[in-house]
Amino acid sequence: MADDSGSAFQAGQTGLIVRIPEAEPAVRGWRERFDPSARAGVPAHVTVLFPFLDESRMDARVPSALAEVLGSHPAFDLRFERCGRLPGVLHLVPEPDTQLRRLTEAIAGRWPEAPPYGGRFAEIVPHLTIAQGQEDTVLEEIETGLVDRLPFTTHVASVELIVYDGVKWQERASFALGE
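Residues numbered from 1 in each chain as written. Predicted model: local features only at pLDDT ≥ 70, side-chain atom pairs only at ≥ 80, totals over all residues. Heavy atoms only, no water.

S.K.: A description of the environment of G88 should follow, citing residues and the corresponding values.
M.R.: Secondary-structure assignment places G88 in the loop between β3 (76-86) and β4 (89-95). The exposure class assigned to G88 is partly exposed, which follows from its relative accessible area of 36%. In the structure, G88 is positioned 44 residues away from Q132 in sequence and 5.4 Å away in space, judged by C-alpha atoms. In this structure G88 touches A131, Q132, G133 and Q134, once residues within four positions along its chain are discounted. (Helix = DSSP H or I, 4+ residues; strand = E, 2+ residues; numbered from the N terminus. Buried < 20%, exposed > 50% of the residue type's maximum accessible area, 1.4 Å probe, protein only. Contact = heavy atoms within 4.5 Å.)

S.K.: Residues and numbers for the environment of T154, please.
M.R.: As for its position among the elements, T154 is in strand β6 (residues 152-156). Judged by its relative accessible area of 4%, T154 falls in the buried class. Counting along the chain gives 62 residues from T154 to L92, while the straight-line C-alpha distance between them is 13 Å. For T154, the residues in contact, after removing those within four places along its chain, are I20, E22, F76, D77, L78 and F80. Separated by 2.6 Å, the side chains of T154 and E22 make a polar contact. (Polar contact = N/O pair within 3.5 Å; in protein donor to acceptor, adjacent residues only side chain to side chain.)

S.K.: Mind laying out the sheet that holds strand β5 (residues 128-132), listing which residues take part and the relevant values?
M.R.: With antiparallel pairing, 4 strands are arranged side by side in an open sheet as β5-β4-β3-β6. Only two strands of the sheet have a single neighbouring strand rather than two, namely β5 and β6. Averaged over all pairs of adjacent strands, the angle between strand axes in this sheet comes to 30°, irrespective of strand direction. Inspection of the sheet shows β3 paired to β4 by 6 bridges, in the antiparallel sense. From the neighbouring strand, C83 faces β4, where its bridge partner is L92. (Pairing = 2+ DSSP bridges. Axes fitted to C-alpha atoms, helices over the stretch in contact; angles between N-to-C directions.)

S.K.: Give me the lowdown on the pattern of salt bridges, citing residues and values where you can.
M.R.: Within the structure shown, the criterion is met by 12 salt bridges. Ionic pairing is found between E55 and R172, a salt bridge with its closest N-O pair at 2.5 Å. Taken as a pair, E55 in the loop between β2 (45-49) and α3 (61-71) and R172 in strand β8 (residues 169-176) lie far apart in primary sequence, 117 residues in all. As a salt-bridge pair, R85 and E143 come within 3.3 Å of each other at their nearest N and O atoms. Here E143 lies in helix α5 (residues 136-146) and R85 lies in strand β3, a separation of 58 residues in the sequence. (Salt bridge = Lys/Arg side-chain N within 4 Å of Asp/Glu carboxyl O.)

Dropping the structure here:
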């Protein structure tokens, strides 16, 4: 979950992510150095929706509604075989990304007060952030270092709700996708 604005995370912020444990061997070292979310405890992931509802708005209905919305989407496979760039961000490109976009659209449709990235970007671009806020030469070095570690695949069967406690991001709940 890239904090693309460069601002610090806020206690009580929440996000919905898909963990990508298969990416950890390739990206952990780079992310720990160049991705603030990794230093704050977020594993390698693709963001489904950030920011989501503030923790103060979480009542018993929210997890129930999340389970219903997410459970209506099937589990799926992703392949990561190349890097991509967004302004100031180096990331891995999940392919195909259609199911990730559908998850984001479904959650944002159910909670329109929580648009992806606070509404700052017009297009949903699923990605696994490796580094941000670095010079192009650093991003090129990282990309070169990843060539031999790609491709890899993963099976996505759940979405996690994470909450920032003021120090670290913590998993609050996991929601299974449908069969």
